[in-house]
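For reference, the chains in residue letters:
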Amino acid sequence: MYPYGLFPTTFFIWSNYLVVLPRQPVSETSHRVDEGVGLPKNCILQVHDLSKELEVVGSYSVPPNTVFAVPSNTFTDTYHAQVLDDKAVLFLRTDRPIVFVFALPDCKLMYKSYVPVLTQTNINDCIDQIVLKKERSLYFWLSGPEYTSLDDLPITSDHYSRLLQLDFTESTSAPKFRICQQFELMRDHENFNLEKDNKYITIDMKGMVSLKELIFGETTITVTVVKSLPAPDDYIQECLSEGEDGPETDGPNILYSHRKDLFVLFRHFVSGRKVHALSEDLEILYELNVDVKAYGLHGVPNYMYCDVFGDFVGLADHHRIVFFQIDSGKFVSKIEVPKHWGYRVDQVESMDRYSWKGFEYAFSEDGIIIIPNKWNYPVAADVLLFW
């Protein structure tokens, strides 16, 4: 039914049901759309009962004459299916960006609307993969064709990404729309992590950390800078586009610990890769030098994974995982990653400076799931339990 697979933003598990948005643009050049096989014409939602061998228990199709357009730039939209309570919220593009809200599992249509806060000049903005869920709101990232431009001044509003909020606080089915027309610049800000009190931090291309706050109006969102912290060392600027000349780098990553109310930053400096823990007021709590030989972590960029979970910071590559106490930065332990039966380097991928070559990890205080890359075979996942 889904021979091309499922894109991460187009499905979710709710109760004992698999909820799927079966349409997804997959090609930036041809704008081909995967629609699935054996589905009703123009189907945009299918619900399968996982307890009954994926029996279809709900489905919704738009009218046969519906046009699924593509943005008039070089990028392709990402379609979204997100869960909110017992409802599915869909954000996609027909002739322009549109939002649907469905009851689950029967796919009863509760709400449908074009995005009223998008102007005529930005209805062709690309719908990005980034989606954030905070309390009763969903946040989507949109960008125009000039967003990826790294040229010098002058900067116009077209160079900024836009942040779209769907606020379900006052209604469980009909959202209130708000938009920030000038959210972030790609060339100045490389990461985004929205946390409590509507504040977030960014890392710019010089390693500067800025604490920012979203201010909400009736239909608008504005951004104000609360505080900035210069990089504590000479920062290696990340190459943002293919063909750009410059050193290979790791990061930057921004992580947040809800348990400890602190930020953890992973950045690459001239002196090496470092982790800094910051308070919510951007005070530096401690520094970790990732490249200490005793840790034994791989020194080549695009192999290192960094995450926070519970009371710990975890750094991992193909061979080992290193743990630190999150509130003090004190070293805790190392765990060797089990080797697979077979291993073969992908020569093309290994030469691609922009490709991610590391493993994927899912950390928790009960255990760790390790998903090796395709260089390892057979295809499998390792599960390390702590009990």
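Residues numbered from 1 in each chain as written. Predicted model: local features only at pLDDT ≥ 70, side-chain atom pairs only at ≥ 80, totals over all residues. Heavy atoms only, no water.

> What should I look at first to understand the sheet that holds strand β10 (residues 109-114) in this one?
Pairing between the strands of a sheet is mediated by backbone hydrogen bonds and can be parallel or antiparallel. Spatial ordering of the open sheet is given by β7-β8-β9-β10, a layout of four strands whose pairing is antiparallel. This sheet does not close on itself; its edge strands, each paired only once, are β7 (80-84) and β10. When the angles between neighbouring strand axes are averaged without regard to direction, this sheet yields 15°. (Pairing = 2+ DSSP bridges. Helix = DSSP H or I, 4+ residues; strand = E, 2+ residues; numbered from the N terminus. Axes fitted to C-alpha atoms, helices over the stretch in contact; angles between N-to-C directions.)

> What should I look at first to understand the pattern of salt bridges in this one?
Charged atoms that come close allow side chains of opposite charge to pair. With the rule as written, the count across this model stands at 17 salt bridges. Between Asp 77 and Arg 93 there is a salt bridge whose closest N-O contact spans 2.4 Å. Placement of Asp 77 in the loop between β6 (55-61) and β7 and of Arg 93 in strand β8 (residues 87-93) is noted, with a sequence separation of 16 residues between them. Of the residues examined, Arg 93 reaches a relative accessible area of 1% and is grouped as buried. Asp 85 is the salt-bridge partner of Arg 136, the closest N and O atoms lying 2.6 Å from each other. (Salt bridge = Lys/Arg side-chain N within 4 Å of Asp/Glu carboxyl O. Buried < 20%, exposed > 50% of the residue type's maximum accessible area, 1.4 Å probe, protein only.)

> Looking at this model, I keep getting lost on the sheet that holds strand β29 (residues 367-371). Mind explaining?
Strand order in this open sheet of three strands is β28-β29-β31, and the pairing throughout is antiparallel. Each edge of the sheet is formed by a strand with only one pairing partner; in this case those strands are β28 (360-363) and β31 (382-385). Geometrically, the sheet is characterised by an average inter-axis angle of 15° between neighbouring strands, direction not taken into account.

> Explain the packing of aromatic side chains to me, please; I cannot follow it from the model alone.
If you walk through the whole model with that rule in mind, you get 20 aromatic pairs. A centroid spacing of 5.8 Å and a plane angle of 35° characterise the contact between Phe 309 and Phe 312, whose relative ring orientation is tilted. Overall, Phe 309 belongs to the buried group, its relative accessible area being 7%. Given a relative accessible area of 25%, Phe 312 falls into the partly exposed group. Each ring, one from Phe 309 and one from Phe 323, has its centre 5.9 Å from the other, and the planes form 75°; the classification is edge-to-face. One end of the pair, Phe 309, is in strand β23 (residues 305-309); the other, Phe 323, is in strand β25 (residues 320-325), with 14 residues separating them in the sequence. Residue classification places Phe 323 among the buried residues on the basis of a relative accessible area of 6%. Grouped by ring-pair contacts, the aromatic residues Tyr 305, Phe 309, Phe 312, Phe 323, Phe 359, Tyr 361 and Phe 363 constitute a single cluster. Positioned above the aromatic ring of Tyr 114 is the side chain of Arg 96, whose terminal nitrogen or guanidinium carbon lies 3.8 Å from the ring centre. Taking the ring centre of Phe 269 as reference, the NZ or CZ of Lys 274 above it sits at 5.9 Å. (Phe/Tyr/Trp six-rings, centres within 6.5 Å; stacked < 30°, edge-to-face > 60°. Lys NZ or Arg CZ within 6 Å of the ring centre and 35° of its normal.)

> Mind showing me how you'd approach the environment of Gln 237 here?
Mapped onto the elements, Gln 237 comes out in the loop between β18 (221-229) and β19 (253-257). When its relative accessible area of 38% is taken as the criterion, Gln 237 is described as partly exposed. The spacing of Gln 237 and Met 205 is 32 residues in sequence and 5.5 Å in space, taken between C-alpha atoms.

> Just checking my understanding: could you explain the confidence of the model for the protein chain for this structure?
Model confidence for the protein chain is summarised by a mean pLDDT of 84, while 84% of its residues fall at 70 or above. Predicted confidence is poor over residues 27-32, with pLDDT under 50, and the contacts of this stretch with residues over four places away or in other chains come to twelve contacts. (pLDDT = per-residue confidence, 0-100. Contact = heavy atoms within 4.5 Å.)

> What's the story with a nonpolar patch on the surface in this structure? I'm lost.
There is a patch of nonpolar side chains on the surface, built from Ile 369, Ile 371, Val 383 and Leu 385 and spanning about 350 Å² of accessible area. At the level of elements, β29 and β31 are the ones that each hand at least two residues to the nonpolar patch. By the secondary structure assignment, Ile 371 is in strand β29. (Patch = residues over 30% accessible without salt bridge, like charges linked within 9 Å, V, L, I, M, F, W, Y side chains within 5 Å. Areas by Shrake-Rupley, 256 points an atom, 1.4 Å probe, with all protein chains shown as cover.)

> Is there a simple way to think about unusual backbone geometry in this case?
It is generally the case that most residues other than glycine have a negative phi and that most peptide bonds are trans. In the segment running from Leu 104 into Pro 105, the intervening peptide bond is cis, with an omega of 10°. Looking at where Pro 105 falls in the secondary structure, it is placed in the loop between β9 (97-103) and β10. Positive phi is not limited to glycine here, since Asp 85 has a value of about 55°. Residue Asp 85 is classed as partly exposed on the basis of its relative accessible area of 46%. Within the chain, Asn 302 stands out as a residue other than glycine whose phi angle is a positive 75°. Structurally, Asn 302 can be placed in the loop between β22 (284-289) and β23. With relative accessibility at 14%, the residue Asn 302 sits in the buried group.

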